[in-house]
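Secondary and tertiary structure notes
One letter stands for each residue in the lines below.
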Amino acid sequence: MILEAKEIFKTYKGVNKELTVLDNINFQVEKGETLAIVGPSGSGKTTLLGLCAGLDNPSSGILNLAGEAISQMTENEKAEIRNRKVGFIFQNFQLLPTLTAVENVMIPLELQGRADGARAKAIELLERVGLGGRHHHYPSQLSGGEQQRVSLARAFSNDPEILFADEPTGNLDEETGLIVENLLFDLNKEKQTTLVIVTHDLELANKTDRIIKLKGGKIISDQSLKSASLL
Ligand SMILES: Nc1ncnc2c1ncn2[C@@H]1O[C@H](COP(=O)(O)OP(=O)(O)O)[C@@H](O)[C@H]1O
Ligand SMILES: [Mg+2]
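Anyway, here's the lowdown on the structure attached to this text. Everything numeric here is computed off the predicted structure, so don't read it as measured data.

Rules of the game
- Within each chain, residue numbers correspond to sequence positions counted from 1 in written order.
- A letter from A marks each chain and a number from 1 marks each ligand, given out in the order of writing.
- Restriction of local features to residues with pLDDT of at least 70 applies here, the model being predicted, together with a cutoff of 80 or more for giving and counting side-chain atom pairs; totals for whole chains, interfaces and linings are based on all residues.
- Values reported for side chains reflect all heavy atoms of the structure, with hydrogen atoms and water molecules removed beforehand.
- Strands pair, by our definition, only if DSSP identifies at least two bridges between them.
- The secondary structure listing takes helices from DSSP runs of H or I that are at least 4 residues long and strands from runs of E that are at least 2 residues long, numbered from the N terminus.
- The working definition used for a salt bridge is a side-chain nitrogen of Lys or Arg within 4 Å of a carboxyl oxygen of Asp or Glu.
- To sort residues, take the accessible area from a 1.4 Å probe on protein chains only and compare it with the maximum for the residue type: under 20% means buried, over 50% means exposed, and anything in between is partly exposed.
- Definition of nearness: a residue and a molecule or strand are near each other if at least one heavy atom of the residue lies within 4 Å of the molecule or strand.
- Polar contact criterion, stated in full: a pair of N or O atoms within 3.5 Å, where within protein one must be able to donate a hydrogen and the other to accept it, and residues adjacent in sequence count only if both atoms are side-chain atoms.
- Accessibility throughout is a Shrake-Rupley quantity obtained with a 1.4 Å probe, and a residue counts as covered only by protein chains that appear here.
- Stacked, edge-to-face and tilted are the three classes for Phe, Tyr and Trp ring pairs, Trp counted by its six-membered ring, which pair at centre distances within 6.5 Å; planes under 30 degrees apart are stacked, over 60 edge-to-face, the rest tilted.

1. Concerning the pairing of strand β2 (residues 18-29)
Bridge count between strand β1 (residues 3-13) and β2: nine bridges; the pairing is antiparallel. Within β2, the position partnered with Thr11 by the bridge is Thr20. Hairpin remark: β1 followed by β2, antiparallel, with four residues in the connecting loop.

Printed below as a string of structure tokens:
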């Protein structure tokens, strides 16, 4: 097991009452599994993904990530776990605008203190995602699909044990989305990462092993898609 959520609640203070955004979430993810979290806008998908990745804290409950109880950790401790074990892909790419493609991909390696060989590894990953000719482009000089491919390269650069992606194709047209999606699954297979994707796209969700449906902050279904034909 690489991820475990136990009795997770997340609440925010509203105008005159508390807003419950995640309402007793329980699930476990096995190493190597690919999983989609789907549900209507506002159902708590992004909030849940952020908690699982250690970007935010639950109001109550326990999160275990790659053997570490991240819900009990300080910000610094969580940052250290994220650097070593986690990759994250955002809907809006979140590349640093003042750094080139290759420098963006190098960031996680430099944070890990692996500056030696970081550039070579970043270049190799950019080539893997088909951006061999774009090393020195700044994000503003790249298309949306190219930026998301840089962010895939960045997410895999620290050899994460688990990768989280929040609507990774949400800002891309269908054709470009498919390219990014295929790269994501191919890289995930090659590197044997665990993958948790939040998506609106049911076709994308259907390519994973398992779909968790959220509604109003609750899990309303948790379904394995691994077909019996594999047996
Ligand atoms: N920082 C915040 N403060 C207050 N409410 C928030 C905050 N972040 C998210 N929410 C609320 O939590 C709910 C779930 O948001 P989110 O996780 O972004 O949903 P989804 O990704 O499924 O669209 C929404 O109703 C949103 O308004
Ligand atoms: Mg969201």
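2. With respect to the pattern of salt bridges
In total, this model carries 14 salt bridges according to the counting rule given. Its salt-bridge partner being Lys78, residue Glu75 comes within 3.2 Å of it at the nearest N-O pair. Residue Glu75 and its partner Lys78 are both found in helix α2 (residues 75-85); the two are separated by three residues, about one turn of the helix. Residue class for Glu75 comes out partly exposed when judged on its relative accessible area of 45%. Looking at Lys78, the relative accessible area reads 1%, which means it is buried. The partner of Arg114 in a salt bridge is Asp159, and the shortest N-O contact between them spans 3.5 Å. Linking Arg114 in the loop between α3 (101-111) and α4 (118-128) with Asp159 in the loop between α5 (144-157) and β7 (162-166), this pair joins segments that are 45 residues apart in sequence.

3. A look at the site of ligand 1
Surrounding ligand 1, one finds Tyr12, Leu19, Val21, Pro40, Ser41, Gly42, Ser43, Gly44, Lys45, Thr46 and Thr47. Between ligand 1 and Gly44, the relevant distance is 3.1 Å, taken from an oxygen atom to a main-chain nitrogen or oxygen of the residue. One of the side-chain N or O atoms of Lys45 is found 2.8 Å from an oxygen atom in ligand 1. Compared with its free state, where it exposes 570 Å², ligand 1 has 57% of that area covered by protein. Broken down by secondary-structure element, the contributors of at least two residues to the shell around ligand 1 are β2 and α1 (45-52).

4. Regarding the packing of aromatic side chains
Counted according to the given criterion, the structure contains two aromatic pairs. Both rings, one in Phe88 and one in Phe90, keep their centres 4.6 Å apart while their planes meet at 35 degrees; by these two values the pair is tilted. Grouping aromatic residues by their ring pairs yields a cluster made of Phe88, Phe90 and Phe164.

In short, shape yes, function no, at least from these values alone.
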